Number of protein chains: 2
Amino acid sequence: MNYDRQEILKELVQPAQTKIVLLVMDGVGDIPQDSTGTALQMAKKPNLDALAQKSDLGQTIPVLPGITPGSGPGHLSLFGYDPIKYQIGRGILEALGSNVDVGEKDVVARANFATVKDGVVVDRRAGRPSTEESAKVVAKLAEQIKKIEDVEIRFYPGKEHRFVVKFTGEDLDDQLTDADPQKDGKPIVYTEPLRPQAEKTAKIVNQLMNKIAEVLKDEPKMNFALIRGFSKYPKLPLFPEVYKLKAAAIATYPMYRGIAKLVGMEVLETGSTVEDEIKTLKENWEKYDFFYLHVKKTDSYGEDGNLQDKVHVIEEVDRFIPEILSLNPDVFVVTGDHSTPAALKSHSWHPVPFMIYSKYTRRGLSKAFDEFECARGSLGTFYAIDAMGLILAHALRLEKFGA
Amino acid sequence: MNYDRQEILKELVQPAQTKIVLLVMDGVGDIPQDSTGTALQMAKKPNLDALAQKSDLGQTIPVLPGITPGSGPGHLSLFGYDPIKYQIGRGILEALGSNVDVGEKDVVARANFATVKDGVVVDRRAGRPSTEESAKVVAKLAEQIKKIEDVEIRFYPGKEHRFVVKFTGEDLDDQLTDADPQKDGKPIVYTEPLRPQAEKTAKIVNQLMNKIAEVLKDEPKMNFALIRGFSKYPKLPLFPEVYKLKAAAIATYPMYRGIAKLVGMEVLETGSTVEDEIKTLKENWEKYDFFYLHVKKTDSYGEDGNLQDKVHVIEEVDRFIPEILSLNPDVFVVTGDHSTPAALKSHSWHPVPFMIYSKYTRRGLSKAFDEFECARGSLGTFYAIDAMGLILAHALRLEKFGA
């Protein structure tokens, strides 16, 4: 059944007054350890468990069985975008992560400061400067390089030796090779176009590299830049067009705000705590019909191997469930974008717990919200890309298919 | 999500020191009968059941729901090859099953002795000769026909009226029609090329048929041969290239050794019992990182309708589980290539029990290893083609997908 879900859903979507909340606890999925259960099992979460008894539970595969997704593919899949078809370049994600405003004609790229001597890249990370030192040199570049031919150049500082370059102009393309020898001790490498449309961009990039070398020639270490991961702004089908949803994103971390923007959600200003996000949800309740609510810390603590605090975040979220329910969402989904087991200290391939609550669930099968109840739930195991179909259905926003 | 799994996995595979054992009990899946459970349910298997409590269980679909696979597709799927895309000609499988050494330029075909009178095929099986009688006539052909034009011809005796023909030469192709009228009482049929590249081969095959008729003209019954099922050696992507695995196959029956060879495994010499196979596993443990271990008798007894002995084979395998575990495999999978219910005396379409053990399972959901626990396991129901993705993930041999 390999069809473009969005092509099909787009034909069936009908407007409605129903409201949907999609709560994504980043990396919430987990695995048991020798003497503990998963984070969801260990958490005292009376509200989520009560909700489970009235919900349909299942577990999702973000990409394919066994494949560990980054947060990008994990989220795109949940939003109904084929994560293999829409692979968002790291350049764009880094830019969005740095709050860079990227327009449709722009090309962005990741860059590293490097140390070059006699045309050889001696250190691909320029001695790992601190973020502050690096920002000063980025500022120097920004001050001295604003345009090459008819293309505007902007620089955005990042962490340590990293920064982002944005090219704005006509007829730019991102099919270019990395201007990076990949290893220390090799000569500098210029970029080459991978197709004719990228010839102009390649020319500009290579001129930029020479200009950078000129501007930085008196720097002791950060005297060059390697530029790679070129990406144009991906043209994704947008939520209002595909799903006829006026969608809002409530997320604090830049990357998730960026992904939400990519898919056509309005990114709301919010604070840094779960409580702040719930407040933002309430304040904007009337204006939207779909709310993506993102909680990051379940993933952060998972990556730290900190099961205890991952549990605490779940318990904290649980305390706000009644407030969300008091708004009377027609559909309330609780899930994650991938699993981040504390035992592995990284994202993993394990299926992701998923729970959908509405008036129309086959309630009564599940006792609580955790990986095991989800594996045995009424939804079974399904691909995350199919979540939006389910969500729209429960919101009575899909016409019948066929006669 | 209809993507070529191997194309995607190939991009994500990373080398590692981890070791994988894939134990395939041929046709192990079963169905209950009036007064008995399935073979797995009936077997006393304390080791497999203890393992199930620490493993992720699920059930696989080898091809599509409802489709009964031969061992060929069943195995290919388990090894990660799309069984519909890679349909291995019966000619090749019969050849491999007869231990025929097939090179990349060869074409093999199945042949039947037949009785012909005045150009009409009177009996497509030449009166069903015994295997011994048939072998004598095959030897006569082998002695008198060695080459046609520049193509070498070799004959390999099979069961009863069957044998295998191998053509070795330049510019051979297998896109030919069967030289077989399909029914008794019809005139003999010559082969025709299905595309230009097969013209030379068709010419050689038709000349061969005339030569065979000449050599066998004094035979009372076996005076002709029908030749069909032409196949060239299929070029499959190979285990070392796709999965970066140095894989070994420990199997006694020729067809499985053949399939393993096809996919790039090294086929190890072993004895005829399970104990012999375990010994081979131990002796070669250091040299490989993936071991395919095949037990045939579960299928054989299933095809005989002999539930009791199917149970005994499972119990025998169970006794060797601790020895396999004592080698400390990082990933240990126990499954089958298809179901062969004793009640049906043949392969069937029923999903196949699947169990994967590693440090990273969502252990604790399953109590024992049988069809019913597998239907309710943490992996749910999935396509066998996705098993390799899971296996590689548990072996920490896959990079993250996307940012």
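About the cut-offs
Residues numbered from 1 in each chain as written. Chains lettered and ligands numbered in written order. Predicted model: local features only at pLDDT ≥ 70, side-chain atom pairs only at ≥ 80, totals over all residues. Heavy atoms only, no water. Helix = DSSP H or I, 4+ residues; strand = E, 2+ residues; numbered from the N terminus. Rg over C-alpha atoms; globule rule 2.2 N^0.38 Å. Contact = heavy atoms within 4.5 Å. Lys, Arg positive; Asp, Glu negative; His and termini not counted. Charge placed at Lys NZ, Arg CZ, Asp CG, Glu CD. Buried area = accessible area lost by both parts, 1.4 Å probe. Nonpolar A, V, L, I, M, F, W, Y, C, P; charged D, E, K, R; others polar. Least-squares fit on C-alpha atoms with pLDDT ≥ 70 in both. Buried < 20%, exposed > 50% of the residue type's maximum accessible area, 1.4 Å probe, protein only. Arc of directions from axis to C-beta. Polar contact = N/O pair within 3.5 Å; in protein donor to acceptor, adjacent residues only side chain to side chain. Pairing = 2+ DSSP bridges. Salt bridge = Lys/Arg side-chain N within 4 Å of Asp/Glu carboxyl O. Phe/Tyr/Trp six-rings, centres within 6.5 Å; stacked < 30°, edge-to-face > 60°. Lys NZ or Arg CZ within 6 Å of the ring centre and 35° of its normal.

Broken down by element type, chain A carries 14 helices and 15 strands. Taking 22 Å as the expected radius of gyration for a compact globule of 403 residues, we find that chain A reaches 23 Å, a close match to that expectation. When the backbone C-alpha atoms are referred to their principal axes, chain A occupies close to 70 × 55 × 40 Å. Counted over contacts in chain A with a minimum sequence separation of 6, partners at least 24 positions apart contribute 74%. In chain A, 52 positive and 58 negative side-chain charges are present, and the distance between their average locations comes to 1 Å.

With that settled, consider the interface of chain A and chain B. With 37 residues of chain A at the interface, the matching set in chain B holds 29 residues. For the pair chain A and chain B, the two sides together bury roughly 2900 Å², of which 64% comes from carbon and sulfur. It is Trp349(A), Phe372(A) and Arg376(A) in chain A that bury the most area against chain B; as a group they hold 21% of the surface buried on that side. Class assignment for the residues of the side of chain A that touches chain B results in 18 nonpolar, 13 polar and six charged.

Here we come to the relation of the copies chain A and chain B. Mapping chain A onto chain B calls for a rotation angle of 125° and an axial translation of 0.1 Å; the resulting RMSD is 0.4 Å. As the rotation angle and translation indicate, the two copies are arranged about a three-fold axis. Each copy contacts the other with its own distinct surface, as only 5% of the interface residues of chain A are interface residues in chain B too.

In this section: helix α1 (residues 5-12) of chain B. One turn of an α-helix holds 3.6 residues; hence residues three or four places apart share an orientation. For α1(B), the full list of buried residues reads Arg5(B), Gln6(B), Ile8(B), Leu9(B) and Leu12(B). Buried positions in α1(B), seen along its axis, are confined to an arc of 160° and lie on one side of it. Facing away from the buried side of α1(B) by over 90 degrees, the exposed positions are Glu7(B) and Glu11(B). Check the buried side of α1(B) and you find it contacts β15 (380-383) of chain A together with α8 (239-243) and α14 (387-394) of chain B. Of the residues that open α1(B), the one with a side-chain oxygen 2.9 Å from the backbone nitrogen of Gln6(B) is Asp4(B).

Looking now at the environment of Asn112(A). Residue and element names in this part refer to chain A. Positionally, Asn-112 belongs in strand β3 (residues 107-117). On the basis of relative accessible area, Asn-112 is assigned to the buried category, the value being 5%. Counting along the chain gives 115 residues from Asn-112 to Ile-227, while the straight-line C-alpha distance between them is 6.7 Å. For Asn-112, the side chain forms a polar contact with the main-chain oxygen of Arg-124, separated by 3.4 Å.

Moving on, we get to unusual backbone geometry. For residues that are not glycine, phi is negative in most cases, and the peptide bond is trans in most cases. Residues other than glycine seldom take positive phi values, yet Lys345(A) does so here, at roughly 55°. In this fold, Lys345(A) is placed in the loop between β13 (331-335) and β14 (352-357). The class of Lys345(A) is exposed, set by a relative accessible area of 52%. For Asp118(B), which is not a glycine, the phi torsion comes out positive at approximately 55°. Within the secondary structure layout, Asp118(B) lies in the loop between β3 (107-117) and β4 (120-123).

Our next topic: the pairing of strand β1 (residues 20-25) of chain B. Residue and element names in this part refer to chain B. Most of β1 is tucked away: six of the six residues are buried. By the bridge criterion, six bridges tie β1 to strand β12 (residues 290-295) in an arrangement that is parallel. Note that in β12 the partner of Met-25 across the bridge is Val-295. Of the pairings in the sheet, the one linking β1 to strand β13 (residues 331-335) comprises five bridges and is parallel in character. Across the sheet, Leu-22 pairs through a bridge with Val-333, a residue of β13.

This brings us to the pattern of salt bridges. Residues and elements named next belong to chain A. Going through the model one piece at a time under the given rule, you end up with 42 salt bridges over all chains. Residue Arg-154 pairs with Glu-152 through a salt bridge whose shortest N-O separation is 3.2 Å. Residue Asp-173 pairs with Arg-195 through a salt bridge whose shortest N-O separation is 2.7 Å. Here Arg-195 lies in the loop between β8 (186-187) and α7 (199-215) and Asp-173 lies in the loop between β7 (162-168) and β8, a separation of 22 residues in the sequence. Residue class for Asp-173 comes out buried when judged on its relative accessible area of 7%. Beyond isolated ion pairs, a larger network of salt bridges with shared partners links Arg-124, Asp-180 and Arg-228.

Attention now goes to the packing of aromatic side chains. Residue and element names in this part refer to chain A. Per the stated rule, a full pass over the model turns up 21 aromatic pairs over all chains. With centroids separated by 5.1 Å and ring planes inclined at 10°, the aromatic side chains of Trp-285 and Phe-291 adopt a geometry described as stacked. Accessibility assignment for this pair places Trp-285 and Phe-291 in one class, buried. Counting every residue linked through ring pairs, the aromatic cluster contains Phe-79, Phe-239, Tyr-243, Phe-290 and Tyr-292. Taking NZ or CZ as reference, Lys-19 lies 5.7 Å from the ring centre of Trp-285, over its face.

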